[in-house]
Amino acid sequence: MNITDVRVRKVARNGKMKAVVSITIDDVFVVHDIKVIEGDKGLFIAMPSRKAADGEYKDIAHPINSDTRTALQELILMKYQEAMENDTDEM
């Protein structure tokens, strides 16, 4: 699996959510609405989710294992930092 495109849309307001990201996998599959969140221990990503009938949020797309999640998070956060340095609205 190759992440062939990462698009970062910074969020203009102050708050914990810093950006919304879309990734393209192998030039054939897109995942939208990955969020970059500022937590107590630094930045992390939150996968797209939907509110279930019981009120809990459930991921609707997510990595199957921790190695893939770590690699995805590192790439997204690197692209987010580049976008912040370049001060562009979309990358």
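Residues numbered from 1 in each chain as written. Predicted model: local features only at pLDDT ≥ 70, side-chain atom pairs only at ≥ 80, totals over all residues. Heavy atoms only, no water.

(A) Here's a closer look at the overall build of the protein. Regarding its fold elements, the protein presents 1 helix and 6 strands. Secondary structure elements of the protein, listed N to C terminal, follow the sequence β-β-β-β-β-β-α. Compactness check: the protein gives a C-alpha radius of gyration of 13 Å against a globular reference of 12 Å for 91 residues, within 12% of the reference. Projected onto its principal axes, the C-alpha positions of the protein cover 40 × 35 × 20 Å. (Helix = DSSP H or I, 4+ residues; strand = E, 2+ residues; numbered from the N terminus. Rg over C-alpha atoms; globule rule 2.2 N^0.38 Å.)

(B) Looking closely at the sheet that holds strand S3 (residues 29-39). The sheet built from 4 strands is open, its strands ordered S1-S2-S3-S4 with antiparallel pairing. Edge positions in the sheet fall to strand S1 (3-10) and strand S4 (42-46), since each has one partner strand and no second. Along the sheet, successive strands turn relative to each other by an average axial angle of 25°, direction set aside. In terms of strand pairing, S1 meets strand S2 (residues 17-25) through 7 bridges, oriented antiparallel. (Pairing = 2+ DSSP bridges. Axes fitted to C-alpha atoms, helices over the stretch in contact; angles between N-to-C directions.)

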